[in-house]
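Residue-level structure breakdown
Okay, here's what each chain looks like letter by letter:
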There are 2 protein chains.
Amino acid sequence: MANQLNQLDQIFAALADPTRRAIVMRLCAGEASVGELADPFDMALPSFMKHIHVLEVSGLVQSEKSGRVRTCRLSPDALLGAEDWFQQQRAIWEARLDRFEAYVMKLKKERAGAKRPSRTTKRKGS
Amino acid sequence: MANQLNQLDQIFAALADPTRRAIVMRLCAGEASVGELADPFDMALPSFMKHIHVLEVSGLVQSEKSGRVRTCRLSPDALLGAEDWFQQQRAIWEARLDRFEAYVMKLKKERAGAKRPSRTTKRKGS
DNA sequence: TCTATAGTTAGCTTCATGGCTAACCAATTG
DNA sequence: CAATTGGTTAGCCATGAAGCTAACTATAGA
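To start, this report covers the structure provided alongside it. (Residues numbered from 1 in each chain as written. Chains lettered and ligands numbered in written order. Predicted model: local features only at pLDDT ≥ 70, side-chain atom pairs only at ≥ 80, totals over all residues. Heavy atoms only, no water.)

Among the nonpolar cores identified, the biggest contains 54 residues, and F12, L60 and F86 of chain A together with F12, L60 and F86 of chain B are the most heavily contacted of them. Among residues more than four places away in sequence, those in contact with L60 of chain B are I11, A14, L15, L55, R73, L74, S75, A78 and L79 of chain B. (Core = buried A, V, L, I, M, F, W, Y, C linked by side-chain atoms within 4.5 Å. Buried < 20%, exposed > 50% of the residue type's maximum accessible area, 1.4 Å probe, protein only. Contact = heavy atoms within 4.5 Å.)

We now examine the relation of the copies chain A and chain B. When chain A is fitted to chain B, the best match, at an RMSD of 0.1 Å, comes from turning it 180 degrees and sliding it 0.0 Å along the axis. In the structure described here, the two chain copies are related by an operation that fits a two-fold rotation axis. Both copies contact each other with a shared surface, as 100% of the interface residues of chain A are interface residues in chain B too. (Least-squares fit on C-alpha atoms with pLDDT ≥ 70 in both.)

Once that is clear, we can look at helix α2 (residues 18-28) of chain B. Residues and elements named next belong to chain B. Turning to α2, its buried residues are T19, R20, R21, I23, V24, L27 and C28. Put simply, D17 is the residue that caps the front of α2, since its side-chain oxygen is 2.7 Å from the backbone nitrogen of T19. G30, located one to two residues past α2, shows a positive phi value of around 135 degrees. (Helix = DSSP H or I, 4+ residues; strand = E, 2+ residues; numbered from the N terminus. Polar contact = N/O pair within 3.5 Å; in protein donor to acceptor, adjacent residues only side chain to side chain.)

A few words on the protein's contact with DNA strand D. What surrounds DNA strand D is a group of 20 residues, the closest being S47, K50 and H51 of chain A together with M49 and R68 of chain B. When the atoms of DNA strand D within 4 Å of the protein are sorted by group, sugar and phosphate make up 65%. Between DNA strand D and the protein, one listed contact pairs a base oxygen with a side-chain N or O atom of K50 of chain A at 2.6 Å. Note that a phosphate oxygen of DNA strand D is positioned 2.6 Å from one of the side-chain N or O atoms of R70 of chain B. Secondary structure elements with two or more residues in the surface near DNA strand D: α4 (45-58) of chain A together with α3 (34-38), α4 (45-58) and β3 (69-74) of chain B. Sort the elements by how many residues they give to the surface near DNA strand D and α4 of chain A lands first, with 4 residues. (Near = heavy atom within 4 Å.)

A word on the environment of A13 of chain A. Its place among the elements puts A13 of chain A in helix α1 (residues 2-15). Considered as a pair, A13 of chain A and V54 of chain A are 41 residues apart in the sequence and their alpha carbons are 8.8 Å apart. The contact partners of A13 of chain A, leaving out residues within four places of it in the chain, are R20 of chain A together with A16 of chain B.

Quick look at the environment of C28 of chain A now. For C28 of chain A, the location among the structural elements is in helix α2 (residues 18-28). Look at C28 of chain A and you get buried, because its relative accessible area is 0%. Along the chain, C28 of chain A and L74 of chain A lie 46 residues apart, while their C-alpha atoms are 6.5 Å from each other. Those residues in contact with C28 of chain A that lie beyond four places of it in its chain are L74 of chain A together with Q89, I92, W93 and R96 of chain B.

To continue, consider the interface of chain A and chain B. Taken together, the contact pairs 29 residues of chain A with 29 residues of chain B. Of the roughly 2,700 Å² buried where chain A meets chain B, counting both sides, 68% is carbon and sulfur surface. Summed over the three residues of chain A that lose the most area to chain B, namely R21, F86 and W93 of chain A, the buried surface amounts to 23% of that side. In this structure, the connection of chain A to chain B is made through 4 salt bridges. D9 of chain A is paired through a salt bridge with R21 of chain B; the nearest N and O atoms lie 2.6 Å apart. For the pair chain A and chain B, the interface holds 4 residue pairs in polar contact (both at pLDDT 80 or more). Taken together, the elements giving at least two residues each to the side of chain A that touches chain B come down to α1, α2 and α5 (76-115) of chain A. If you tally residues by element for the side of chain A that touches chain B, the top one is α5 of chain A, at 13 residues. Across the side of chain A that touches chain B, the residue classes break down as 21 nonpolar, 3 polar and 5 charged. (Buried area = accessible area lost by both parts, 1.4 Å probe. Salt bridge = Lys/Arg side-chain N within 4 Å of Asp/Glu carboxyl O. Nonpolar A, V, L, I, M, F, W, Y, C, P; charged D, E, K, R; others polar.)

Taken together, 20 residues are adjacent to DNA strand C, and M49 and R68 of chain A together with S47, K50 and H51 of chain B come closest. What you see for DNA strand C is that sugar and phosphate hold 59% of its atoms within 4 Å of the protein. Between a base oxygen of DNA strand C and a side-chain N or O atom of R68 of chain A, the distance comes to 2.4 Å. One of the side-chain N or O atoms of K50 of chain B is found 2.6 Å from a base oxygen in DNA strand C. Counting only elements with at least two residues in the surface near DNA strand C, the list comes to α3 (34-38), α4 and β3 (69-74) of chain A together with α4 of chain B. Broken down by element, the residue count for the surface near DNA strand C peaks at 4 residues, all from α4 of chain B. Class assignment for the residues of the surface near DNA strand C results in 8 nonpolar, 5 polar and 7 charged.

Laid out in structure tokens, this is it:
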């Protein structure tokens with residue numbers, strides 16, 4: 001569980017780098033070798049490999065070596081885990097907005113009630 | 001546009017830290033002063049303020065000072081921006097899965113057609 | 001077997017991050 | 001006005017991240 005949270009640290013940290021986001025985007029379209037992945041980047045291979053390693057440690061990417069070529073693939077579960085975090089926050093945020101709106105509505109009603117001698121009966125809004 | 005991408009860098013980097021994620025989660029529930037936000041953390045104020053600053057630069061949080069108290073609130077747009085990134089990746093991923101599945105289906109059909117005269121229909125496993 | 005290819009390891013720089021203390025405003029409050 | 005509170009600025013330190021080169025391993029191909 002604390003492990004899970006730590007995983008979130010690593011996933012977000014991994015995605016904070018544009019090179020690594022590009023790798024993830026590339027892998028969304030299908031698996032690829034390290035060489036293929038590295039090709040578009042103007043970067044020494046060892047530097048590039050560090051990015052791959054960060055992605056693997058975060059759990060976003062898995063790889064396996066066969067012969068002398070290492071093939072990388074996306075592991076979609078980790079991506080979903082991070083997406084979940086956003087959805088949870090959004091849910092809390094939206095619940096708050098609902099409460100806020102309800103509060104504003106109540107204020108409005110009270111104010112209206114206090115100011116005027118209730119000329120017409122107020123209906124509840126939406 | 002490149003600006004937007006840079007924004008993503010900063011948003012993910014901001015969320016990579018558990019303290020800052022906790023701040024964001026706290027702010028989902030409503031605005032708060034720096035002091036209130038800092039209270040649960042065993043950390044010197046200047047250190048804490050750095051986190052607030054990172055969140056502000058990323059666009060996740062806005063704040064305004066009135067009197068001697070600074071009030072922070074979440075700016076949900078930035079959160080949504082990051083969430084969008086995930087959804088786009090997922091869309092690409094799922095499209096690929098669909099293509100892959102279609103490919104496997106085609107293979108199966110060809111193989112079945114070639115090997116056997118189609119004895120029983122296979123049920124989908126779980 | 002020799003050579004070229006695909007990664008890997010080791011080690012080095014440079015800069016960013018996350019933490020601290022100490023000293024410093026500037027509003028409130030007594 | 002004096003003291004407290006809430007935040008800010010400045011500056012220091014340790015660690016880690018991102019890049020590089022050089023040298024190495026191990027497989028594939030000629």
